[in-house]
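If you want the building blocks of each chain, they are given just below.
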Amino acid sequence: MPLISGDVSDDNADITPAYTGRLGVEAMPALRLPDESIAPRAAYQFIHDELMLDGSSRLNLATFVTTWMDPEAGQLMTEALDKNMIDKDEYPATAAIEQRCVAMVADLFHAPGLSTTDPASATGVSTIGSSEAVMLAGLALKWRWRAKRGDAGGKPNLVLGSNVQVVWEKFCRYFEVEPRYLPMEHGRYVITPEQVLDAVDEDTIGVVGILGTTFTGELEPIKEICEALDALAAKGGPDIPVHVDAASGGFAVPFLRPELEWDFRLPRVASINVSGHKYGLTYPGIGFVVWREASCLPEDLVFRVSYLGGDMPTFTLNFSRPGNQVVGQYYNFIRLGHAGYTSIMTSLRDTASWVADRLAEYDGIEVITDGTAIPVVSFMLKGDPGFSVYDLSHELRTGGWQVPAYPMPADAEDVSVLRIVVREGFSRDLAGQLMLAFDDAYRRLQAGVRPESSASGFAH
Ligand SMILES: *Cc1c(COP(=O)(O)O)cnc(C)c1O
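Residues numbered from 1 in each chain as written. Predicted model: local features only at pLDDT ≥ 70, side-chain atom pairs only at ≥ 80, totals over all residues. Heavy atoms only, no water.

Considerations on the environment of Phe-333
Tracing the backbone shows Phe-333 in helix α10 (residues 324-360). Among the residues examined, Phe-333 registers a relative accessible area of 12% and is labelled buried. Residues Phe-333 and Asp-87, 246 residues apart in the sequence, show an inter-C-alpha distance of 23 Å. If sequence neighbours within four positions are ignored, Phe-333 has contacts with Cys-101, Met-104, Val-105, Phe-251 and Tyr-341. (Helix = DSSP H or I, 4+ residues; strand = E, 2+ residues; numbered from the N terminus. Buried < 20%, exposed > 50% of the residue type's maximum accessible area, 1.4 Å probe, protein only. Contact = heavy atoms within 4.5 Å.)

Laid out in structure tokens, this is it:
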């Protein structure tokens, strides 16, 4: 194999030591397309070296997104990198795999009336993540509201908590829907059925319930919200569909608490989004939205694409998209099955609870969520320990651990918390290492070693 050389025109490329070539002496091109080419190996090394400066993804406890998969899954996904998901006619096997994934998700969420032989009987699509899924679900709600209200309709509104993920704010702004944010308060970081009832009216396109909020990982009382809306409709009030944002909880709760009714078992739930790249355990780039039944997805939104030889119904925002993520998701589904997901989620929950128990031993710490809803631990400081959660986050960072600190949403902004997302690949051993680092950081701060506090941005 040739040694790395920065200069492809150099006849001696094979004997130039890597870092005395262009690699060692020149800056990385950043502003303009460079004039000359370089050897592939050199380009690789240039970029590889810069990426060393990223934090280690496995120590990033801020993200919900998968950072470890079986090597076999990685290999399959690499093999499918060159397939464009949209070319369904050209890649019928990938298209079939996508449809099977959609069917499995719809079945997991108890969609009624699914065929036992035809995966196409599920109504849903795979997306690039929950963000795209939310846009599609929101559009379906808006279209259904318009069909129902016709000219009588005013400005459409969506009822949701101030704790929603930012994508819901985007949906409302991009698609001109009035967001009716229900406030949080100290000690309550989910919405209540009473708040929902006070906020809805005839022009409410839907109510959003979150299964695993971004802020604390708590489950909103979806069943109770549905029952309150059922009672409202039964009294002759507006009949309002519920959408469940199960981005983080959709692949955890069905395995941790299968008896909990939050999904299509509740007749009022019209649609659900979930991120395959969160507890679906697939590398980033995959989500799903599924509808209860075909009538929940207005036909007007579905395009029949005849481009590239087939006649395919599509409902997505992107046209081209890599096919590899759906392949990775399918790998997980068939490799793990129900039993595999259950044992992974159970062990993640146990690790999260172990971390929460260690944290609860500190006098100065109040645990908000202990990892039993989904494997997420959130906690705050109590009393006045003389330092902030931002200081703690900063101190942990010096040891490589990324634990985000952020303020709670309206109207509890004066509460700031730290959050640890326990994911596949975060072993009990690593959890033990984290708690050693945590203890160190905590004691240092207690002893008065104050870092220059930097309020880190909120990580989703
Ligand atoms: C992560 C998240 C989203 C956004 O999902 P992506 O898959 O990152 O696009 C939306 N809602 C909630 C509750 C989330 O946790």
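Focus: the site of the ligand
Neighbouring residues of the ligand: 13 residues in total, closest Ser-131, Asp-245, Ser-275, His-277 and Lys-278. A distance of 2.8 Å separates an oxygen atom of the ligand from a polar atom in the backbone of Ser-130. Within the side chain of Lys-278, one N or O atom sits 2.8 Å away from an oxygen atom of the ligand. Burial of the ligand by the protein amounts to 91% of the accessible area it has alone, namely 380 Å². (Near = heavy atom within 4 Å. Polar contact = N/O pair within 3.5 Å; in protein donor to acceptor, adjacent residues only side chain to side chain. Areas by Shrake-Rupley, 256 points an atom, 1.4 Å probe, with all protein chains shown as cover.)

Observations regarding the confidence of the model for the protein
Confidence in the prediction of the protein, expressed as mean pLDDT, is 92, and 92% of residues score 70 or more. Long-range and interchain partners of residues 1-9, a stretch whose pLDDT sits below 50, account for 24 contacts in this model, where long-range means more than four residues apart. (pLDDT = per-residue confidence, 0-100.)

Things to note about the side chain of Glu-132
When you line up the elements, Glu-132 lands in helix α5 (residues 130-149). Salt bridges are absent for the buried Glu-132, whose nearest opposite-charge side chain, Arg-321, sits at 5.2 Å. Of the polar contacts made by the side chain of Glu-132, one reaches the backbone nitrogen of Ile-128; its length is 2.9 Å. A polar atom in the side chain of Glu-132 sits 2.8 Å from the backbone nitrogen of Leu-317. Here Glu-132 is in contact with Thr-127, Thr-316, Leu-317 and Asn-318, once residues within four sequence places are set aside. (Lys, Arg positive; Asp, Glu negative; His and termini not counted. Salt bridge = Lys/Arg side-chain N within 4 Å of Asp/Glu carboxyl O.)

Details of the nonpolar core
Counting 97 residues, the largest nonpolar core has Met-345 and Phe-438 as the members making the most contacts within it. The contact partners of Phe-438, leaving out residues within four places of it in the chain, are Leu-359, Tyr-362, Ile-365, Phe-379, Leu-392 and Leu-396. Leu-141, Trp-145, Leu-160 and Val-167 belong to the second-largest nonpolar core, a separate cluster that totals 29 residues. (Core = buried A, V, L, I, M, F, W, Y, C linked by side-chain atoms within 4.5 Å.)

Concerning the pairing of strand β11 (residues 376-381)
Within β11, six of the six residues are buried, which leaves the element mostly enclosed by the surrounding structure. Side chains Val-376, Ser-378 and Met-380 of β11 all project onto a buried face; the interleaved residues Val-377, Phe-379 and Leu-381 project onto the opposite face, where all are buried too. Relative to β11, strand β10 (residues 365-370) is paired through five bridges, and the arrangement is antiparallel. The partner of Thr-369 across the bridge, within β11, is Ser-378. Two elements, β11 and strand β13 (residues 416-421), share four bridges in a ladder whose sense is antiparallel. Paired with Phe-379 across the two strands is Leu-418, which belongs to β13. (Pairing = 2+ DSSP bridges.)

Re the packing of aromatic side chains
How two aromatic rings sit relative to each other is set out by the distance from centre to centre and by the angle between their planes. All told, the structure shown has 15 aromatic pairs when counted by the stated rule. Seen from their ring centres, Phe-387 and Tyr-442 are 5.4 Å apart, and the 90 degrees between their planes marks the pair as edge-to-face. One end of the pair, Phe-387, is in the loop between β11 and α11 (389-398); the other, Tyr-442, is in helix α12 (residues 428-446), with 55 residues separating them in the sequence. Overall, the relative accessible area of 5% leaves Phe-387 in the buried class. The exposure class assigned to Tyr-442 is buried, which follows from its relative accessible area of 3%. (Phe/Tyr/Trp six-rings, centres within 6.5 Å; stacked < 30°, edge-to-face > 60°.)

Considerations on the sheet that holds β11
Strand pairs in the sheet, formed through backbone hydrogen bonds, run parallel or antiparallel to each other. Read from one edge of the open sheet, four strands run β10-β11-β13-β12, paired in antiparallel fashion. Of all strands in the sheet, those with a lone pairing partner are β10 and β12 (405-407), marking the two edges. Adjacent strand axes in the sheet meet at a mean angle of 30 degrees, parallel and antiparallel pairs treated alike. On the sheet, α11 packs against β11, β12 and β13 and is oriented at approximately 35 degrees with respect to β13. (Axes fitted to C-alpha atoms, helices over the stretch in contact; angles between N-to-C directions.)

Observations concerning the pattern of salt bridges
A complete count under the given rule lists 17 salt bridges for this structure. When the shortest N-O distance is used, the salt bridge between Arg-180 and Glu-178 registers 3.1 Å. Classification of Arg-180 as partly exposed rests on a relative accessible area of 22%. Look at Glu-178 and you get partly exposed, because its relative accessible area is 29%. One salt bridge in this structure joins Glu-259 and Arg-257, with 3.8 Å as the shortest N-O distance. Looking at Arg-257, the relative accessible area reads 33%, which means it is partly exposed. One network of salt bridges, in which partners are shared, links Glu-178, Arg-180 and Asp-201.

Regarding unusual backbone geometry
Following Ala-410, the chain continues to Asp-411 via a peptide bond in cis, the omega torsion being 0 degrees. Among the structural elements, Asp-411 can be located in the loop between β12 and β13. A positive phi is found at Glu-176, a non-glycine position, where the angle reads about 55 degrees. Structurally, the position occupied by Glu-176 is in the loop between α6 (166-174) and β3 (178-182). For Glu-176, a relative accessible area of 56% puts it in the exposed group. Unusually for a residue other than glycine, Leu-281 sits at a positive phi of about 75 degrees. Examined against the element boundaries, Leu-281 turns out to sit in the loop between β6 (269-275) and β7 (287-291).

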